[in-house]
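Residues per chain, in single letters:
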Amino acid sequence: MKDKALLFINGDAPGSFPNPEQYGLIACTDGAFHYLKILNFPLDKLDFISGDFDSHSGKEEGIYEEKFIYTPDQDKTDFQKALEIITEKGFRKVDVLGGSGGEQDHFLGNLTVAFGYKDQLDLKFYDEFSEYYFVPKRCILKGVKDKMISLYPFPFVENITTIGLNWPLTNGNLSITSRIGTRNFAVENEVSIEYEQGDLLVFIGKNYL
């Protein structure tokens, strides 16, 4: 059974699409529906389109009306409301496209929403520059040699040790107010990360060299 969901949200449109056949559920927010239509994504593959529809009324796409889920709660973002629906449907792995670019307050808001779900979902963002996600206190990044690796504390990380990076850390501390760990790169195919306290957002970019 395909246990992973694909969610498109209203940032920059992706340059390419993953194979939809690898997902058990595919959804988008109302704003993302615009670029999916323009880029000729197979709209029949969408399981639902959610949002307050301030970005898209849906009227001109009446053929998909049965897929619209109206979520008017202004105390939550469309991204958050879409994740709630996906979670209710039993999915715990979610790939997100369209999370960055566009208005930067949206990007920061998307990271904040992802932070709130880090213990519930295996949530990964993908854009034209990198993939990024929150990592547990012990993890191994695989297949990353020569790729840009940025470590971003959210908002701090204590006693972090890394193996396999060009500039390793040994029992170091990171904080958004003092020291962050961006623009490093992997010298090994596997990078080990361990830390004791805090939360860490990792960006895995394109090849550095």
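Above: the structure in question.
Okay, so let's go over this structure.

How each quantity is defined
- Residue indices begin from 1 for each chain and proceed along its sequence in written order.
- Local features in this predicted model are restricted to residues of pLDDT 70 or higher, and side-chain atom pairs are both shown and tallied only at a pLDDT of 80 or more, whereas totals for entire chains, interfaces and linings draw on every residue.
- The side-chain quantities take in all heavy atoms of the structure and omit both hydrogens and water.
- Starting at the N terminus, helices and strands are each numbered in turn, a helix being any DSSP run of H or I of at least four residues and a strand any DSSP run of E of at least two.
- Multiplying one less than the number of residues by 1.5 Å gives the expected span of a helix.
- Burial classes follow relative accessibility: with a 1.4 Å probe on protein chains only, a residue under 20% of its type's maximum area counts as buried, one over 50% as exposed, and anything between as partly exposed.
- Comment: arc refers to directions from the helix axis out to C-beta atoms.
- For this analysis, a nonpolar core means a set of buried residues of the types Ala, Val, Leu, Ile, Met, Phe, Trp, Tyr and Cys, connected via side-chain atoms within 4.5 Å.
- Contact criterion: two residues are considered in contact whenever any of their non-hydrogen atoms come within 4.5 Å of each other.

Here we look at helix α3 (residues 104-116)
Item 1. Taking 1.5 Å as the rise per residue, α3 with 13 residues should run 18 Å; its terminal C-alpha atoms sit 19 Å apart, in good agreement.
Item 2. Buried within α3 are the following residues: F107, N110, L111, V113 and A114. Take α3 and look down its axis: the buried residues cluster within an arc of 160°, on one side only. Turned more than 90 degrees off the buried face of α3, the exposed positions are D105, L108 and G116.

Quick look at helix α1 (residues 30-38)
Item 1. Taken together, the buried positions of α1 are D30, G31, A32, F33, Y35 and L36.
Item 2. Just past α1, the residue N40 takes up positive phi, approximately 60°.

Focus on the nonpolar core
Item 1. Counting residues in each nonpolar core, the largest one holds 27 residues, and the members touching the most others are L7, F79, L83, I86, V94 and L123.
Item 2. Looking at this core, the elements with two or more residues in it are β1 (4-8), β2 (25-29), α2 (78-88), β5 (93-97), α3, β6 (122-126), β7 (130-135) and β13 (197-207).
Item 3. Per element, the largest residue contribution to this core is 5 residues, and it comes from α2.
Item 4. Here L123 is in contact with F79, L83, V94, V96, A114 and Y133, once residues within four sequence places are set aside.
Item 5. Core analysis: the second largest hydrophobic core is formed by 19 residues, L141, V144, I149 and V202 among them.

A short note on unusual backbone geometry
Item 1. Following F154, the chain continues to P155 via a peptide bond in cis, the omega torsion being 0°.
Item 2. Note on placement: P155 falls in strand β9 (residues 147-163).
Item 3. Positive phi values are uncommon outside glycine, yet N40 reaches one of about 60°.
Item 4. Relative to the assigned elements, N40 resides in the loop between α1 and β3 (48-51).
Item 5. On the accessibility criterion, N40 (65% relative accessible area) is exposed.
Item 6. The backbone of N171 shows a phi angle near 50°, a positive value even though the residue is not glycine.
Item 7. Looking at where N171 falls in the secondary structure, it is placed in the loop between β9 and β10 (172-175).
Item 8. Relative accessible area serves as the criterion here: at 53%, N171 is assigned to the exposed category.

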